[in-house]
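Now for the letters of each chain:
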Amino acid sequence: MRTEVAIIGAGPAGLLLSHLLAADGIDSVVLEVRTREYVEARIRAGILETSTVDLLDSVGLGERLRREGFEHRGIYLQWPEERHHLDFVDLVGRSVWVYGQTEVTKDLGKARDADGQQFCYAITDTELHDVATDRPHVTFVDSDGAAQRLDADVIVGCDGSFGPSRAAIPERTRQTWGREYPYSWLGILADVAPSTDELIYAWHPDGFALHSMRSASVSRLYLQVEPGTDIAQWSDDRIWDALAVRLGHGQDGWQLTPGPITDKSVLPMRSVVAEPMRHGRLFLAGDAAHIVPPTGAKGLNLAVADVAVLAPALQALLRKNDPGPADAYSDTALRRVWRCTHFSWWMTTMLHVGPDPFDAQLQQSQLRWVTTSEAAAAGLAENYAGLPLEL
Ligand code: APR
Ligand code: PHB
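No experiment lies behind these values; they were computed from the predicted model shown.

Thresholds applied
- Residues numbered from 1 in each chain as written.
- Chains lettered and ligands numbered in written order.
- Predicted model: local features only at pLDDT ≥ 70, side-chain atom pairs only at ≥ 80, totals over all residues.
- Heavy atoms only, no water.
- Near = heavy atom within 4 Å.
- Polar contact = N/O pair within 3.5 Å; in protein donor to acceptor, adjacent residues only side chain to side chain.
- Areas by Shrake-Rupley, 256 points an atom, 1.4 Å probe, with all protein chains shown as cover.
- Helix = DSSP H or I, 4+ residues; strand = E, 2+ residues; numbered from the N terminus.
- Nonpolar A, V, L, I, M, F, W, Y, C, P; charged D, E, K, R; others polar.
- Pairing = 2+ DSSP bridges.
- Contact = heavy atoms within 4.5 Å.
- Axes fitted to C-alpha atoms, helices over the stretch in contact; angles between N-to-C directions.
- Core = buried A, V, L, I, M, F, W, Y, C linked by side-chain atoms within 4.5 Å.
- Buried < 20%, exposed > 50% of the residue type's maximum accessible area, 1.4 Å probe, protein only.
- Phe/Tyr/Trp six-rings, centres within 6.5 Å; stacked < 30°, edge-to-face > 60°.
- Lys NZ or Arg CZ within 6 Å of the ring centre and 35° of its normal.
- Expected span 1.5 Å × (residues − 1).
- Arc of directions from axis to C-beta.
- Left-handed = near helix turned anticlockwise from the far one by under 90°.

(A) The arrangement of the site of ligand 1 in detail. Neighbouring ligand 1 are 23 residues; E32, R44, Q101, T126 and D287 lie closest to it. Measuring from an oxygen atom of ligand 1, one finds a side-chain N or O atom of D287 at 2.6 Å. With respect to ligand 1, the backbone of L300 contributes an N or O atom lying 3.0 Å from an oxygen atom. The fraction of the free accessible surface of ligand 1 (710 Å²) that becomes covered by protein chains is 87%. Of the residues forming the shell around ligand 1, the biggest block, three residues, is contributed by helix α8 (residues 299-319). Residue composition of the shell around ligand 1, grouped by class: nine nonpolar, eight polar and six charged.

Encoded structure:
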């Protein structure tokens, strides 16, 4: 097989990149280790920044999102006895949209089908070769068990945090920064109408809690738990009881309505940034290059911003013989990556409870500051809702 751009990974980064490239008349093949059904059912975060929504709109992917998604003006920040609303639209003129990554992935899949995109799902043994030359290629075993070779002008690793692409950049030219946080999230999906109109981020001495949502009848909620938590220790009743306490059930008459839990999982919290995001004819995008903890919901938005910068850079490289934008890709993308890495770390450390009571005092002071100082609130709002695609 031969194509112009071999894309490894059919998550949002890989699918959106193939879509943007096709709009510029560039061929790609998308290789994915999972089945399509798995990829389109995977539960992930669900907050889209204004710039993400604008980009999806501009390439014909905004229709269902506008119809079924929810536009939120801001978020609630709270701690025991106090809840404050931050209105991002008033603060920075931008909103966010609640629309699950799962739905974005399905919309992308449909659009790529309509365009005749070539996919290989359920492959194994993905290997990258000769990425520093002009003749890079990928070998893999297809879903029928046949060995395949895909030759390309460029390979883009959109294969998430466990894929092989990052390691195809030689260790001597690569640098990785990271942090493991000493807590995890227990996430649930529940068939119950959200008990709030906008997301609630709650600091509580028992640990952080978040009330999010997927639709008018499906809620998504999270609890801070110990790393390595065994989900079997958390019965549905225990989860709802902890959520009620941490989210302030009864506070000023607010009520948390429990409902049937349809999914439970424990998510580790970590930050990773790998530099550079390009080596020869290999480019990295999305989780393949960086991971953020979910506080602030930046993962998907960062993946979208990467490919929004990469697609025109590849077009310049492959169609105009202009290597300038491709040479600048890593530095350009990393400016936003580090901004979001800082913001996700900042939100995470402001809201999660640790063993040191000194930290708890600082956190409460910081929460009071971001909810009472317009300058501080605008800083949070700008990062949460308002970053431009290129910084
Ligand atoms: N060969 C082919 N595909 C692979 C391989 C491999 N060896 N290894 C992993 N993949 C696939 C994964 O199965 C997954 O479908 O790469 C895809 C990567 O997709 P995502 O993990 O969704 O990453 P990305 O597209 O960068 O999207 C970032 O996803 O993890 C969330 O929080 C993150 O919201 C952010 C978004
Ligand atoms: C989610 O809805 O899954 C979600 C929302 C906000 C976050 C993280 C996750 O900060």
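Following the structure, the description resumes.
(B) Here's a closer look at the sheet that holds strand β8 (residues 118-120). Judged by pairing direction, the sheet is mixed, and its six strands sit side by side in the order β8-β2-β1-β12-β19-β18 without closing on themselves. Looking at strand neighbours, the two that pair on one side only are β8 and β18 (278-279), the edges of this open sheet. Sitting on the sheet, α8 is in contact with β1 (5-8), β12 (154-157) and β19 (282-284), with an inclination near 170° to β12.

(C) Broad picture of the sheet that holds strand β3 (residues 47-49). One open sheet accounts for three strands, arranged β3-β7-β4; its pairing is antiparallel. Across the chains shown, the open sheet's two edge strands, defined by having one partner strand only, are β3 and β4 (70-72). Here the average twist between neighbouring strands, direction ignored, is 30°. Relative to strand β7 (residues 96-98), β4 is paired through three bridges, and the arrangement is antiparallel.

(D) Summary view of the site of ligand 2. In the vicinity of ligand 2 lie 15 residues, with Y201, S212, R214, Y222 and G296 positioned nearest. One of the backbone nitrogen or oxygen atoms of G296 is found 3.0 Å away from an oxygen atom of ligand 2. Take A297: an N or O atom from its main chain is 3.4 Å from an oxygen atom of ligand 2. When contributions to the shell around ligand 2 are tallied by element, the ones reaching two or more residues are β15 (209-213) and β16 (219-225).

(E) Quick peek at the nonpolar core. Counting 70 residues, the largest nonpolar core has V5, L16, L17, L48, V156 and L314 as its most contacted members. In terms of residues, this core owes the most to one element, α8, which gives 13 residues. In this structure L48 touches V53, L56, L65, V96, W97, Y99, V104, L300 and N301, once residues within four positions along its chain are discounted. Among the nonpolar cores identified, the runner-up in size contains 35 residues, and V96, M213, Y222 and W346 belong to it.

(F) Spotlight on the packing of aromatic side chains. This structure, assessed with the given rule, holds 11 aromatic pairs. Among the aromatic residues, those joined into a ring-pair cluster are F88, W185, Y201, F208, Y222, F343, W346 and Y384. Between R83 and the ring centre of Y76, over which it is positioned, the NZ or CZ distance is 5.9 Å. The ring of W254 carries the charged tip of R83 above its face, separated from the ring centre by 4.4 Å.

(G) Representation of helix α10 (residues 357-372). Along its 16 residues, α10 runs 23 Å from first to last C-alpha, staying within 8% of the 22 Å computed at 1.5 Å per residue. Among all positions of α10, only A360, Q363, Q364, L367, V370 and T371 are buried. In an axial view of α10, the angular spread of the buried residues amounts to 130°, which keeps them on one side of the axis. Among the exposed residues of α10, those oriented more than 90 degrees off its buried face are F358, Q361 and T372. Contacts made by the buried residues of α10 are with β5 (74-79), β6 (82-87), α9 (324-351) and α11 (374-385). N-cap assignment for α10: the residue whose side-chain oxygen lies 2.9 Å from the backbone N of F358 is D356.

(H) Structural detail: the packing of helix α1 (residues 12-23) against helix α6 (residues 101-114). One way to put it is that α1 packs onto α6 with a least axis distance of 10 Å and a crossing angle of 35°. For the crossing formed where α1 meets α6, the hand is left-handed. Along its contact with α1, which presents P12, L15, L16, S18, H19 and A22, the element α6 presents Q101, T105, L108, G109, A111 and R112.

It is worth stressing that arrangement in space is one thing and function is another; only the former is reported here.
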